[in-house]
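# Structure assessment
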Amino acid sequence: MLADLDQLLDWESLRASAIEVATLAYCPYSRLQVGAAAIVAAQDGTLRRITGCNVENASYGLGACAEVTLAGQLRLTGGGRLVALACRSGTGELLMPCGRCRQVIYEFGGPDLLVDTPDGIHDMRWVLPAAFGPEHLPP
């Protein structure tokens with residue numbers, strides 16, 4: 001299914017959404033606007049788009065990356081599974097999720113989540129090899 005989904009996705013539109021939401025970032029310290037946009041598959045098979053932006057804090061360490069706010073939006077808008085994700089700066093530069101965010105998006109997308117990378121579209125097996133996820137925890 002995800003191979004077919006990759007052909008159906010409008011990656012340019014997803015990237016444009018990430019750029020648009022990046023301009024809403026709160027980043028007075030780093031001045032790096034980051035936006036994330038994702039396609040979500042609901043339990044009933046419908047697809048929707050969600051977004052997130054980075055939100056910094058004067059204490060630096062307490063800031064939230066765009067992918068983390070996106071995960072919050074996922075939960076606030078009904079849940080589901082992330083199936084495709086693009087991250088961009090406010091000027092359109094492709095940005096890869098940091099290590100923490102790779103773990104967060106793996107949690108909500110699993111190994112089949114497609115990610116826009118500098119080397120093309122890859123699944124999370126490529127982005128986060130040998131990932132640790134919910135499937136590794138005891139029931």
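Report follows, based on the coordinates. (Residues numbered from 1 in each chain as written. Predicted model: local features only at pLDDT ≥ 70, side-chain atom pairs only at ≥ 80, totals over all residues. Heavy atoms only, no water.)

## Observations regarding the overall build of the chain
- Tallying secondary structure elements over the chain gives five helices and five strands in all.
- The globule rule puts the C-alpha radius of gyration for 139 residues at 14 Å, and the 14 Å found for the chain is close to it.
- With the C-alpha coordinates aligned to their principal axes, the bounding extent of the chain is approximately 40 × 35 × 30 Å.
- Looking at the chain as a whole, 40% of its 139 residues qualify as buried. (Helix = DSSP H or I, 4+ residues; strand = E, 2+ residues; numbered from the N terminus. Rg over C-alpha atoms; globule rule 2.2 N^0.38 Å. Buried < 20%, exposed > 50% of the residue type's maximum accessible area, 1.4 Å probe, protein only.)

## Here's the deal with the state of the cysteines
- Per the stated rule, a full pass over the model turns up zero disulfides.
- Unpaired in this structure, Cys27 has its nearest cysteine sulfur neighbour in Cys53, at a distance of 8.6 Å.
- With no disulfide of its own, Cys87 has Cys101 as its nearest cysteine by sulfur position, at a separation of 7.6 Å.
- Its relative accessible area of 2% is what places Cys87 among the buried residues. (Disulfide = S-S within 2.5 Å.)

## Here we look at the pattern of salt bridges
- For the coordinates displayed, the defined rule picks out five salt bridges.
- Among the ionic pairs, Glu12 bridges to Arg15, the shortest N-O distance being 2.5 Å. Pair noted here: Glu12 and Arg15 are both in helix H2 (residues 11-22), with a separation of three residues, about one helical turn.
- The exposed category is assigned to Glu12, whose relative accessible area is 54%.
- On the basis of relative accessibility, which here comes to 16%, the residue Arg15 falls in the buried class.
- The salt bridge partner of Asp123 is Arg125, with a shortest N-O separation of 3.1 Å.
- The partly exposed category is assigned to Asp123, whose relative accessible area is 25%.
- Via salt bridges that share partners, Glu12, Arg15, Arg88 and Asp116 belong to a single interconnected network. (Salt bridge = Lys/Arg side-chain N within 4 Å of Asp/Glu carboxyl O.)

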